[in-house]
Amino acid sequence: MLRDCRDAIWFEDYAVGDEFQSAPVTFTEPDIIDFAKRYDPQPFHIDPDAAKASPFGDLIASRTQILPLLWGAIMAPGFLNGRALGAPGIALEFKRPVRPGDTLIAISRVLETRPSATRPDRGYVRFISETANQSGDIVVTLSHQQIIQRRAADQE
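Residues numbered from 1 in each chain as written. Predicted model: local features only at pLDDT ≥ 70, side-chain atom pairs only at ≥ 80, totals over all residues. Heavy atoms only, no water.

A. Examining the overall build of the protein chain more closely. From N to C terminus, the protein chain includes four helices and seven strands. Seen in sequence order, the protein chain has helices and strands lined up from the N terminus as β-β-β-α-α-α-α-β-β-β-β. Looking at the protein chain as a whole, 38% of its 156 residues qualify as buried. The contacts in the protein chain between residues at least 6 apart in sequence include a share of 65% that link residues at least 24 apart. Accessible surface computed for the protein chain: about 8,400 Å², of which carbon and sulfur atoms make up 51%. (Helix = DSSP H or I, 4+ residues; strand = E, 2+ residues; numbered from the N terminus. Buried < 20%, exposed > 50% of the residue type's maximum accessible area, 1.4 Å probe, protein only. Contact = heavy atoms within 4.5 Å. Areas by Shrake-Rupley, 256 points an atom, 1.4 Å probe, with all protein chains shown as cover.)

B. Local environment of the nonpolar core. Counting residues in hydrophobic clusters, the biggest one holds 13 residues, and the most contacted among them are Phe27, Ala61, Ile66, Val98 and Leu104. Looking at this core, the elements with two or more residues in it are helix H1 (29-39) and strand S7 (138-149). Contact partners of Ala61, with chain neighbours within four places excluded, come to Phe27, Ile32, His45, Ile66 and Val98. Residues Ala8, Phe11, Tyr14 and Val125 belong to the second largest nonpolar core, which totals eight residues. (Core = buried A, V, L, I, M, F, W, Y, C linked by side-chain atoms within 4.5 Å.)

C. Expanded view of the packing of aromatic side chains. Per the stated rule, a full pass over the model turns up four aromatic pairs. A ring pair is formed by Phe35 and Tyr39, whose centres lie 4.7 Å apart and whose planes are at 45°; its orientation type is tilted. Of this pair, Phe35 and Tyr39 both sit in helix H1, four residues apart, which is roughly one turn of that helix. For the pair Phe44 and Phe56, a centre-to-centre distance of 4.9 Å together with 55° between the ring planes defines the contact as tilted. Remark: Phe56 occurs in the loop between helix H3 (48-53) and helix H4 (63-74) and Phe44 occurs in helix H2 (residues 43-46); sequence separation between them is 12 residues. Looking at Phe56, the relative accessible area reads 35%, which means it is partly exposed. (Phe/Tyr/Trp six-rings, centres within 6.5 Å; stacked < 30°, edge-to-face > 60°.)

D. Just the confidence of the model for the protein chain, in detail. A residue-level look at the protein chain finds 83% of positions with pLDDT of 70 or above and a mean pLDDT of 84. Per-element averaging of pLDDT across the protein chain places H4 at the bottom with 69 and strand S5 (residues 103-115) at the top with 92. (pLDDT = per-residue confidence, 0-100.)

E. Looking closely at the environment of Val139. Assignment of secondary structure puts Val139 in strand S7. Residue classification places Val139 among the buried positions, given a relative accessible area of 0%. When sequence neighbours within four positions are dropped, the list of residues in contact with Val139 reads Glu93, Phe94, Lys95, Arg96, Pro97, Val98, Leu104, Thr131, Ala132 and Asn133.

Listed below in structure tokens is the structure:
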């Protein structure tokens, strides 16, 4: 069963096999261009004519524009290690371009849970996240581990 990431707050709320789904996000041409002008002004992001001549053959969304969608599908209030891309154990792969009109949905699945051996107030949850477009094509995969706060005895 797919759940909203806001339904899981504490480490104990996660079980292997749980899945969390983002809200769908549609990327429009004006959205892509406006974002890229501010954060990633490469021709294949900001100029439709230049994009047609690029190896991508059309305007595409910036990778930094896609990432917030991924995090929205998996971030929860009890997460203690934030959004640390580049940290050990994180693998991020962009598999295909995101074009104007594409609607993306991210689904994150719990692969492993384990309490911390040294810090009783937290545990570790390993996720695999896949983001697909409206055709079901996977455009991004993300494998990562989160440190999540454990529920205190008086909150059970």
